[in-house]
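# A structural walkthrough
Okay, here's what each chain looks like letter by letter:
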Amino acid sequence: MKQLWLFNQINSDLQRVEKELHRFVETDFPVLQDSAVHLLDAGGKRLRPAFVLLAGKFYGYPIAKLQPVAMALELIHMATLVHDDVVDDSQTRRGRPTVKAKWGNVVSVATGDYLLARSLELIAQINHPEVSRILAEVSVEMSQGEIQQIKGSFDVRQNLKQYYYRIKRKTAMLIEASCKLGAIVSDAPKRQVWVLGAYGHAIGMAFQIVDDVLDVTAEASQLGKPVGGDLQQGIMTLPMIIALDRSSQKEHLLYLLGKQDKSEQEVQETIQLIKDSGAIDESMRCVDLYISKAKSYLQELPNVPTRKALEDLAQFIRDRNF
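The rules behind each value
Residues numbered from 1 in each chain as written. Predicted model: local features only at pLDDT ≥ 70, side-chain atom pairs only at ≥ 80, totals over all residues. Heavy atoms only, no water. Salt bridge = Lys/Arg side-chain N within 4 Å of Asp/Glu carboxyl O. Helix = DSSP H or I, 4+ residues; strand = E, 2+ residues; numbered from the N terminus. Buried < 20%, exposed > 50% of the residue type's maximum accessible area, 1.4 Å probe, protein only. Axes fitted to C-alpha atoms, helices over the stretch in contact; angles between N-to-C directions. Parallel < 35°, antiparallel > 145°, perpendicular 65-115°, else oblique. Left-handed = near helix turned anticlockwise from the far one by under 90°. Contact = heavy atoms within 4.5 Å. Expected span 1.5 Å × (residues − 1).

### Observations concerning the pattern of salt bridges
Enumeration over the complete set of coordinates arrives at 22 salt bridges. Among the ionic pairs, Lys100 bridges to Asp89, the shortest N-O distance being 3.2 Å. Of this pair, Lys100 sits in helix α5 (residues 99–103) while Asp89 sits in the loop between α4 (63–88) and β1 (92–93); the two residues are 11 residues apart in sequence, bridging distant segments of the chain. Two residues, Asp312 and Lys308, come together in a salt bridge whose shortest N-O distance is 2.9 Å. One end of the pair is Asp312 and the other is Lys308, both in helix α16 (residues 305–319) and four residues apart, which spans about a single turn. Among the residues examined, Asp312 registers a relative accessible area of 21% and is labelled partly exposed. Residue classification places Lys308 among the partly exposed residues on the basis of a relative accessible area of 46%. Salt bridges linked by common partners bring Glu18, Arg46 and Glu74 together as one network.

So, in C-alpha cells, the structure goes:
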C-alpha cells in the first residue's frame, strides 16, 4: 500500500484496514488466495478507505463501524480492477503483472467475483439499509459505465456529455459513496452527508480526468502501466474529445483515434497531436474547476484538521503524476 503523508491522521487505522483485508480474503483455494493477495500486495493509494475514515473523523470517528465500510468499498474497487484488466487485456498495473497476466482470464474473473462476494458479506454485517442501498446502486451504475465504455470503443463521435456521464459511473460514484458512507455510519447530519458526498463526486470526476491526462503525458515508469493505453483500447477521453475539436489536423487525428491495432509510432503521433492542440491544458482547467468546487463544499464542514486534510487531498489528486 502506498502511504501518503496526507493520511497521517488515519495511518494506523488504514494499516489495520490493510491487515484485515489480507485476513478477509483468505480461502482454502490456493489459486484464489494467491491471486487475491497478489492484487492486494500490488498496493494502490487506498483512497476509498481513506475517504471513509476521514469523513468519519468529523463525527466521533466510530472506527468499529467505519472499518467494515472501508473494507467493503476497497473490495468492490479491487473487483472492478481485476475485471477491467480482463476486458482491457492489461498486462501490468502499478508496475506489476496483472492477475490476468499471471493466471489468465478464468482466474481473473473468478477472483473479481470472489472479492465482490466477500464485500457483500461485509455489507450484510454492517446491517444498515442506507449503506446497502447506496452500494447496490453504485455497483449497478459502475457495471453500466463499463458496458458503456466497451460499446463506445473506437467511436470517435462521442461528446462531452457522454464522457462525463461515463466517468461519473466508472469512478466518481464510488468515491462519492466512500465519503457519504463514512458520514452516514458516523451519524452525521443529513446536510453534512450530502456535502461530503458532493465533495467526493467532484474529487472523483477530477481524479478520472487526471488519469486520462496522465495516459498521454506521464512516463510509463511513473504510471505503472504502458502510456497510451486508452488510445490502444479505443477509449475516448477528455483530452481526445477536446483535441478533435481544436486540432489543425482534425481529419488525420480522427483517422488515428478510430484506427484499431495502432502501431507504437501511431500511438506516439496521436499523443503529439493531442498535446499540440492544447487539449492537455484545457483538460486540466476542467480538473481545476472540479477541485475548486470540491474545496468550496468543505467550507460547510467544521474547521478541524480533517477539513485541511481533505483540502490537501484534493490538491494532491490534481497535482499527482501516478
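### Digging into the packing of helix α1 (residues 11–24) against α4
It is the contact of α1 with α4, at a shortest axis distance of 10 Å, that shows an interaxial angle of 60 degrees. By the angle class used here, α1 and α4 are oblique. Handedness of the α1/α4 crossing: right-handed. Residues Asp13, Arg16, Val17, Glu20, Leu21 and Phe24 of α1 form the contact with α4, whose participating residues are Ile63, Gln67, Ala70, Met71, Glu74 and Leu75.

### Considerations on α16
Compared with an ideal rise of 1.5 Å per residue, which puts 15 residues at 21 Å, α16 spans 21 Å between its outermost C-alpha atoms and is within 8% of the ideal. Buried residues along α16 sit in contact with α3 (47–57), α9 (190–217) and α15 (279–298).

### Digging into the environment of Leu116
Structurally, the position occupied by Leu116 is in helix α6 (residues 105–126). Looking at Leu116, the relative accessible area reads 34%, which means it is partly exposed. Measuring from C-alpha to C-alpha, the distance between Leu116 and Asp288 comes to 33 Å, with 172 residues separating the pair along the chain. In this view, Leu116 contacts Ile76 and Ala79; residues no more than four positions away in its chain are not counted.

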